[in-house]
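These are the residues of each chain, in order.
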There are 2 protein chains.
Amino acid sequence: MDPSRHADALRAAQMYYLQDLTMDAIARELRTSRSTVSRLLSSARDSGLVQVQIRNPLDTGPELEGLIRRRYGVDAHVVPVVETLNEAETLDRVAMQAARTIGPLVDSNAIIGVAWGSTLSAVSRHLTRKITHDSVVVQLNGAGNMHTTGITYASDIMRRFGSAYGARVEQFPVPAFFDHAATKTAMWNERSVQRILELQAKMSIAIFGVGSVDADYPSHVYAGGYLDEGDLSTLATSDVVGDVATVFFRADGSSDGIVLNERSTGPALAELRQVRRRICVVSGVSKINGLKGALAARLATDLILDEATARRLVGLEGLAVASR
Amino acid sequence: MDPSRHADALRAAQMYYLQDLTMDAIARELRTSRSTVSRLLSSARDSGLVQVQIRNPLDTGPELEGLIRRRYGVDAHVVPVVETLNEAETLDRVAMQAARTIGPLVDSNAIIGVAWGSTLSAVSRHLTRKITHDSVVVQLNGAGNMHTTGITYASDIMRRFGSAYGARVEQFPVPAFFDHAATKTAMWNERSVQRILELQAKMSIAIFGVGSVDADYPSHVYAGGYLDEGDLSTLATSDVVGDVATVFFRADGSSDGIVLNERSTGPALAELRQVRRRICVVSGVSKINGLKGALAARLATDLILDEATARRLVGLEGLAVASR
DNA sequence: AAGCGATATGCACAAACGTGCAGAACGGAG
DNA sequence: CTCCGTTCTGCACGTTTGTGCATATCGCTT
């Protein structure tokens, strides 16, 4: 792109956001039309030149976020939504806010682990650009299943992350679950796979949703042809409540003895917990049980979720906004 | 203020800035009118809840800021202005942008040293609020002179800084210059004064303008009744080009042997250089000589200045915006 | 040089927004 | 309970901003 356009965008952004001039005044100074300035500004915004951040003072009394922080030890970001919204609208709004909340956390030299699923797909569609250097986006778990290689679906997500942050993208071209644990063992010794595993071990940020076994609309994992009848009934008898990156856990956060995990390509929970910043995005109350399990397993350091689910999490279902 | 109003402002800000809803839509969700939302948002902005930041990628070619950085070793923030603006308008716009640039640099537990003068007065008028804890604003140099105690003028500046950042304000109730160096020595042993000096020694940020002896409109210091005829001629014979916080220096940045400094209440240049972050705000090309001296003395780590002065600084007076 | 596709610009209109003003709601003081 | 001063609210209006469309500009090919 024309570099002088970029320079103009910067000038315009400074004048608009830092000097409170109107677009009209800026247009006169840049000797162009007001509409061009409008477009310059929007390009400045979505090229990440302008960064809007909302810092809510942590001392805002007994707010939802504070409650969650104290109860579960995670930094919560509650997305305000009204109850009347349907699932899709809620997801979209949670995803948009999640995308913008994640932005400031991504730095140069970051290694960003990304899972897949409907939540992450939505998030990836709303990412705001931010220029970083030498960042890498690495896929957390395979996406293939019996019907497709899952390439297009998961890789779209990865690609969007990569281009938003100017990062190299490292896909993980394996199925979500192997049919036989032995295959996984074999593959895990392949150098091509080890390269990915090593990257994962060095992640500085991980971003994922949660699956919940009993969700109203079951997650991709449970309904998308990844598991057969036998697998599903095994899950039921092991008291599994949900998963993160196709690794399953129980309500108490434990995952030992869940045989399916031996065939899963996602990072072991203990491994995930090594990551400094672990961002979990959740939209929809029906994921509550999976979410509680993930929190019990201490899988997240940051949690972005809609208000209704947040209330449910701390047992305030009925209450309206605090102190009104 | 009503705490629920604050909560609404936060919700509104999230929906507006993070979810791209219109004020109309937000009004419906909050069950209020669109105008109220508009007002909520502006209160969110100027209570510092919403933070707009402009990060210009440092790799934007041979830009003015890059040139200045390489030549003088300071982080430059060039404020775009057209040449046709008069002094007052330029100052206002530089001040506004300076105020908003400073904001993100102020943290909790900061000790902020602030000078006075027309530049800082303008800056103080445009500060955006930001809630911090246990911050202190400390006056860098006395403001009294033969005619007034200077209290109202300098203390207005200090007060504005204090209230913008929720910081304690520590004034320095001494004249700008003592008549006799001996009085300064005596006062500097007073515990009330030492308390201030100790605070200054612990400053984490210092904010100041520059005075330039030959400016078109001489700074307060040179015209405001602080110095008598004898002082002014002494300055002339010592090759002084300007001052920072009423401490004088020559074009090469040296200040040794300038007798007036022995009577000045500002921090010695060597002392100022100890401060981690030293922000210098300059508006108007006629301050160029003072500014060059200050840069030679390495008094600043960050420099906020108007475009015309920036061009002058790197010797590109005639040039228009790079690459157009 | 002409032709062509992609991109950028300005116009004009519609949508979104800020703000003065009048009335409502609130919170003491008497 | 009433009064009065203060703060908040919604309306209405004027201003500011986003965007579809027709036109212009640029870079590249033929």
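(A) Local environment of the protein's contact with DNA strand D. Every one of the 15 residues lining DNA strand D counts as a neighbour, but Met23(A), Arg34(A), Ser38(A), Thr32(B) and Arg39(B) are closest to it. Among the atoms of DNA strand D close to the protein, meaning within 4 Å, 50% are from sugar or phosphate groups. The separation between a base oxygen of DNA strand D and a polar side-chain atom of Arg34(A) is 2.8 Å. Here the surface near DNA strand D takes 5 residues from helix α3 (residues 34-46) of chain A, the largest share from any one element. Taken together, the residues of the surface near DNA strand D sort by class into 2 nonpolar, 7 polar and 6 charged.

(B) Spotlight on the relation of the copies chain A and chain B. Structural alignment of chain A on chain B gives an RMSD of 0.0 Å, achieved by rotating through 180° and translating 0.0 Å along the axis. In short, the pair behaves as if placed about a two-fold rotation axis. Every residue of chain A has its C-alpha some distance from the rotation axis, and the shortest such distance is that of Val52(A), at 2.2 Å. Here 100% of the contact residues of chain A are again contact residues in chain B; the copies associate through an equivalent surface.

(C) Summary view of the packing of aromatic side chains. Residue and element names in this part refer to chain A. In total, this model carries 10 aromatic pairs over all chains according to the counting rule given. When the centroid spacing of 5.0 Å and the interplanar angle of 80° are considered together, the rings of Tyr16 and Tyr17 count as edge-to-face. Each ring, one from Phe178 and one from Trp188, has its centre 6.1 Å from the other, and the planes form 80°; the classification is edge-to-face. You can see Phe178 sitting in the loop between β5 (168-170) and α8 (181-188) and its partner Trp188 sitting in helix α8, a full 10 residues away along the chain. Taken together, the aromatic side chains of Phe172, Phe178 and Trp188 make up a single cluster linked through ring pairs.

(D) Spotlight on the protein's contact with DNA strand C. Taken together, 15 residues lie around DNA strand C, and Thr32(A), Tyr16(B), Met23(B), Arg34(B) and Ser38(B) are the ones closest in. Put simply, 45% of the atoms of DNA strand C that lie within 4 Å of the protein are in sugar or phosphate. Within the side chain of Ser33(A), a nitrogen or oxygen atom sits 2.9 Å from a phosphate oxygen of DNA strand C. Within the contact set of DNA strand C, a base oxygen lies 2.9 Å away from a side-chain nitrogen or oxygen of Arg39(A). Among the elements of the structure, α3 of chain A together with α3 (34-46) of chain B are those that each provide at least two residues to the surface near DNA strand C. A class-by-class count of the residues in the surface near DNA strand C yields 2 nonpolar, 7 polar and 6 charged.

(E) Molecular detail of the pattern of salt bridges. Under the criterion given, the structure shown has 22 salt bridges over all chains. Where Arg100(A) meets Asp20(B), a salt bridge forms, and the shortest distance between an N and an O atom there is 2.8 Å. On the criterion of chain membership, the pair formed by Arg100(A) in helix α5 (residues 87-102) and Asp20(B) in the loop between α1 (3-19) and α2 (23-30) is interchain, its members lying in two chains. On the basis of relative accessibility, which here comes to 47%, the residue Asp20(B) falls in the partly exposed class. Residue Asp156(A) pairs with Arg159(A) through a salt bridge whose shortest N-O separation is 3.2 Å. Here Arg159(A) and Asp156(A) lie together in helix α7 (residues 151-165), a separation of 3 residues that amounts to about one turn. The exposure class of Asp156(A) is partly exposed, given its relative accessible area of 29%. The partly exposed category is assigned to Arg159(A), whose relative accessible area is 47%. Where salt bridges share partners, they join Arg11(A), Glu307(B) and Arg311(B) into one cluster.

(F) Region of the structure containing the side chain of Arg278(B). Residues and elements named next belong to chain B. Mapped onto the secondary structure, Arg278 falls in strand β10 (residues 277-282). Buried charged residue Arg278 carries no salt bridge. Nearest counter-charge: Asp302, at 8.2 Å. There is a polar contact of 3.1 Å between the side chain of Arg278 and the backbone oxygen of Arg273. Apart from residues lying up to four places away in sequence, Arg278 is in contact with Ala206, Phe208, Leu272, Arg273, Arg298, Leu299, Ala300, Thr301 and Asp302.

(G) Here's a closer look at unusual backbone geometry. Residues other than glycine seldom take positive phi values, yet Thr246(A) does so here, at roughly 55°. Position of Thr246(A) relative to the elements: it lies in the loop between β8 (240-244) and β9 (247-250). Phi at Asn109(B) is positive, roughly 65°, even though this residue is not glycine. A relative accessible area of 55% places Asn109(B) in the exposed class.

(H) Representation of the interface of chain A and chain B within the structure. Residue-level contacts link 45 residues of chain A with 45 residues of chain B. At the boundary of chain A with chain B, total buried surface from both sides reaches about 4300 Å², with 54% on carbon and sulfur atoms. As a salt-bridge pair, Glu29(B) and Arg93(A) come within 2.6 Å of each other at their nearest N and O atoms. The interface formed by chain A and chain B includes 18 residue pairs in polar contact (both at pLDDT 80 or more). Looking at the side of chain A that touches chain B, the elements that each hand over two or more residues are α1 (3-18), α2 (23-30), β1 (50-54), β2 (75-79) and α5 of chain A. Looking at the side of chain A that touches chain B element by element, the count peaks at 11 residues for α1(A). Looking at side-chain class alone, the side of chain A that touches chain B contains 21 nonpolar, 12 polar and 12 charged residues. When β1(A) meets strand β1 (residues 50-54) of chain B, the two strands line up antiparallel, connected through 5 bridges. Paired with Ile54(A) across the two strands is Val50(B), which belongs to β1(B).

(I) Structural detail: the layout of surface pockets. By volume, the largest pocket is sized at about 1200 Å³. For the lining of the largest pocket, the secondary structure elements donating two or more residues are α1, α3 and β1 of chain A together with α1, α3 and β1 of chain B. Partitioned by chemical class, the residues of the lining of the largest pocket number 18 nonpolar, 12 polar and 11 charged.

(J) Geometry of the pairing of β8(A). Residue and element names in this part refer to chain A. Most of β8 sits inside the fold, with 5 of its 5 residues counted as buried. With 2 bridges joining them, strand β7 (residues 211-212) and β8 adopt antiparallel strand pairing. Directly across from Ser212, in β8, lies its bridge partner Gly242. Strand direction decides the pairing type here: β8 and β9, joined by 4 bridges, are antiparallel. Residue pairing for β9: Gly242 is matched across the bridge by Phe249. Here β8 folds back onto β9, and the loop between the two strands holds 2 residues, one of which, Ala245, carries a positive phi near 50°.

What counts, and where the lines are drawn
- In this convention, every chain numbers its residues from 1, walking through the sequence in written order.
- Chain letters and ligand numbers both follow the written order, the letters beginning at A and the numbers at 1.
- Local features in a predicted model are, by the rule used here, given only for residues with pLDDT of at least 70; side-chain atom pairs are given and counted only at 80 or more, and totals for whole chains, interfaces and linings are based on all residues.
- Computation of side-chain values covers all heavy atoms of the structure but excludes hydrogens and water.
- Here a residue is considered near a molecule or strand provided that any single heavy atom belonging to it is located within 4 Å of it.
- Here a polar contact is taken to be a pair of N or O atoms separated by no more than 3.5 Å, where protein atoms must pair a possible hydrogen donor with a possible acceptor and residues adjacent in sequence count only if both atoms sit in side chains.
- Only DSSP runs of H or I with at least four residues qualify as helices, and only runs of E with at least two residues qualify as strands; both kinds are numbered from the N terminus onward.
- Residue polarity follows a fixed list, in which Ala, Val, Leu, Ile, Met, Phe, Trp, Tyr, Cys and Pro are nonpolar, Asp, Glu, Lys and Arg are charged, and the others, Gly among them, are polar.
- When the copies are overlaid, the least-squares fit takes in C-alpha atoms only where the residue has pLDDT of at least 70 in both copies.
- When checking whether two residues touch, look at their non-hydrogen atoms; a contact exists if any pair is within 4.5 Å.
- Stacked, tilted and edge-to-face pairs are distinguished by plane angle, under 30 degrees for stacked and over 60 for edge-to-face with tilted covering the rest, among Phe, Tyr and Trp rings (Trp via its six-membered ring) whose centres lie within 6.5 Å.
- By convention in these notes, a salt bridge is any Lys or Arg side-chain nitrogen within 4 Å of a carboxyl oxygen on Asp or Glu.
- For every residue, the accessible area obtained with a 1.4 Å probe (protein chains only) is divided by the maximum for its type, and the residue is called buried under 20%, exposed over 50%, and partly exposed between those limits.
- Under the counting rule used here, the positive set is Lys and Arg, the negative set is Asp and Glu, and His together with the chain ends is not counted.
- Here the buried area means the combined drop in accessible surface, using a 1.4 Å probe, for two parts upon being joined, counting both sides.
- Two strands pair if DSSP finds at least two bridges between them.
- For cavity detection a 1 Å grid was placed over the protein atoms alone, and a set of points counts as a cavity when a 1.4 Å probe fits there but cannot get out; an open set counts as a pocket when protein lies on both sides within 12 Å along at least five of seven lines, with lining residues being those that have an atom within 4 Å of a point.
- Grid points are joined across faces, edges and corners, and a volume is the space filled by probe spheres set on the points.

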